[in-house]
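Residues per chain, in single letters:
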Amino acid sequence: LTSTSFSVSVSTIASLDTGNIEDILNNAGVALVNFYADWCRFSQMLQPIFEEASNIAREEFPDVTQVVFARVDCDQHSDIAQRYRISKYPTLKLFRNGMMMKREYRGQRSVTAIADFIRQQKVDPIKEIHSLEEVNTADRDRRNIIGYFDQKDSENYHTFEKVANILRDDCVFLAAFGDVSQTERFSGDNVIYKPMGETVPDMVYLGSLTNFDLTYAWAQDKCVPLVREITFENGEELTEEGIPFLILFHVKEDTESLEKFQHEVARQLISEKGSINFLHADCEKFRHPLLHIQKTPADCPVIAIDSFRHMYVYPEFRDIEIPGKLRQFVLDLHSGKLHREFHHGPDPTDSTPGQEEIGEVASNPPESSFQKLAPSETRYTLLRDRDEL
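Residues numbered from 1 in each chain as written. Predicted model: local features only at pLDDT ≥ 70, side-chain atom pairs only at ≥ 80, totals over all residues. Heavy atoms only, no water.

1. Things to note about the sheet that holds strand β15 (residues 302-306)
If you trace the five strands from one edge of the open sheet to the other, you get β12-β14-β13-β15-β16, paired in mixed fashion. The sheet is open, and its two edges are formed by β12 (227-229) and β16 (311-313), each paired on a single side. The sheet shows a mean angle of 30° between the axes of neighbouring strands, direction not considered. Where strand β13 (residues 245-250) lies against β15, five bridges are found, and the strand directions are antiparallel. (Pairing = 2+ DSSP bridges. Helix = DSSP H or I, 4+ residues; strand = E, 2+ residues; numbered from the N terminus. Axes fitted to C-alpha atoms, helices over the stretch in contact; angles between N-to-C directions.)

Encoded structure:
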């Protein structure tokens, strides 16, 4: 009897398994998926809220392919949980046309907040421009991607639309059609990227607009910078990416240090992109991590690595322009050298033969500060069987 009444109450929620997951998600414009475990108390608390939010969404978006609410029992379907790297229960992940979005839902667990989140996801991310003057007044503090199309109902525009929906949080998307866009379409439909800053030149997309993968890869490269800003709002999601941080702490007005850091990261560390996150942080906002490494905003700019176990300070900011020095700092993290040297003093080298024994402990590196921005145990059941970083 209980299971019957339960299944009736979740009639607007699709239960996903290996047999139906691809079909359901690939055909959904937007899908919010609840990865849960029956024994987890936070999952139990979320369940009625998620059900009610799904009922509201169904009323507002009756087309079942527009918005889908779904759930995965991670105990029953551990293969699916592993595929989507679920490390805590409950996790609410957003999918668009089958593609998992990087940003999961981390907002308030209330019916209103979840329903509002879905409404926001259904707002068209592309602003139509009616005169090319509007392009000149675009906000140059944001990254802008502008599409010039002959018509809206075209394969080119549908690709642009799909890309805009996925990258809506990272770029501003604008589009012009027909006569308005004609002067910009000398060789057919055209997409350009306007970077931040008044003097930076535009970049033109030269690939095929009917090829979604190419268009998306180009736009993602432009919209998601190599060096991202860490804030208290995005700290949890960055921490959960699970790779150490290389952070520049700088005073907000000090854009020169940031530009140098960005330049050297691109020059020395592009090959390490998947093994470390390149970030910059406002010295004033992140005073506490600075104090952790015996620094204050007056010492900025300061570079440090947070491995989620310890924090390691790069000796001198000005040395980043020495070829290969910043790269070596990161490689020394990966090889364990930073950890050894903080605990035991410099590694023996050829120039110091006979230094075989490790003497007294040289120092203890400060514990990780940014680990504290990870998901809270008062909201999630965290899975502990992950490798410690």
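2. Re the packing of aromatic side chains
For the structure on display, the rule yields 19 aromatic pairs. Each ring, one from Phe149 and one from Tyr157, has its centre 5.2 Å from the other, and the planes form 80°; the classification is edge-to-face. Neither Phe149 nor Tyr157 differs from the other in exposure class; each is buried. By the ring-pair criterion, three or more aromatic residues cluster together here, those being Phe232, Phe245, Phe249, Phe286, Phe308 and Phe370. When the ring centre of Phe212 is taken as reference, the NZ or CZ atom of Lys162 above it lies at 4.6 Å. (Phe/Tyr/Trp six-rings, centres within 6.5 Å; stacked < 30°, edge-to-face > 60°. Buried < 20%, exposed > 50% of the residue type's maximum accessible area, 1.4 Å probe, protein only. Lys NZ or Arg CZ within 6 Å of the ring centre and 35° of its normal.)

3. Concerning the state of the cysteines
On inspection of all chains with the given rule, the structure shows two disulfides. Cys171 shares a disulfide with Cys223; S-S distance 2.1 Å. A torsion of -105° about the S-S bond marks the disulfide between Cys171 and Cys223 as left-handed. Pair noted here: Cys171 is in the loop between α7 (155-166) and β9 (172-177) and Cys223 is in helix α9 (residues 212-223), with a separation of 52 residues, a long-range link. Residue Cys171 shares its accessibility class with Cys223, and that shared class is buried. (Disulfide = S-S within 2.5 Å.)

4. Considerations on the side chain of Glu264
For Glu264, the position within the fold is in helix α11 (residues 255-268). Under the relative-accessibility criterion, Glu264 is labelled buried at 2%. Setting aside chain neighbours within four positions, we find Glu264 in contact with Leu269, Ile320, Glu321 and Leu326. (Contact = heavy atoms within 4.5 Å.)

5. Comments concerning α11
For α11, which comprises 14 residues, the first-to-last C-alpha distance of 20 Å matches the rise-based estimate of 20 Å (1.5 Å per residue) to within 8%. Here α11 has its buried residues at Ser257, Leu258, Phe261, Glu264, Val265 and Gln268. All buried residues of α11 lie within an arc of 135° about the axis, which places them on one face of the element. What points out from α11, more than 90 degrees from its buried face, is the exposed set Glu256 and Glu259. Packing partners of the buried residues in α11 comprise β12, β13, β14 (277-282), β15 and α13 (325-335). Sitting at the head of α11, Asp254 places a side-chain oxygen 3.4 Å from the backbone nitrogen of Glu256. (Expected span 1.5 Å × (residues − 1). Arc of directions from axis to C-beta. Polar contact = N/O pair within 3.5 Å; in protein donor to acceptor, adjacent residues only side chain to side chain.)

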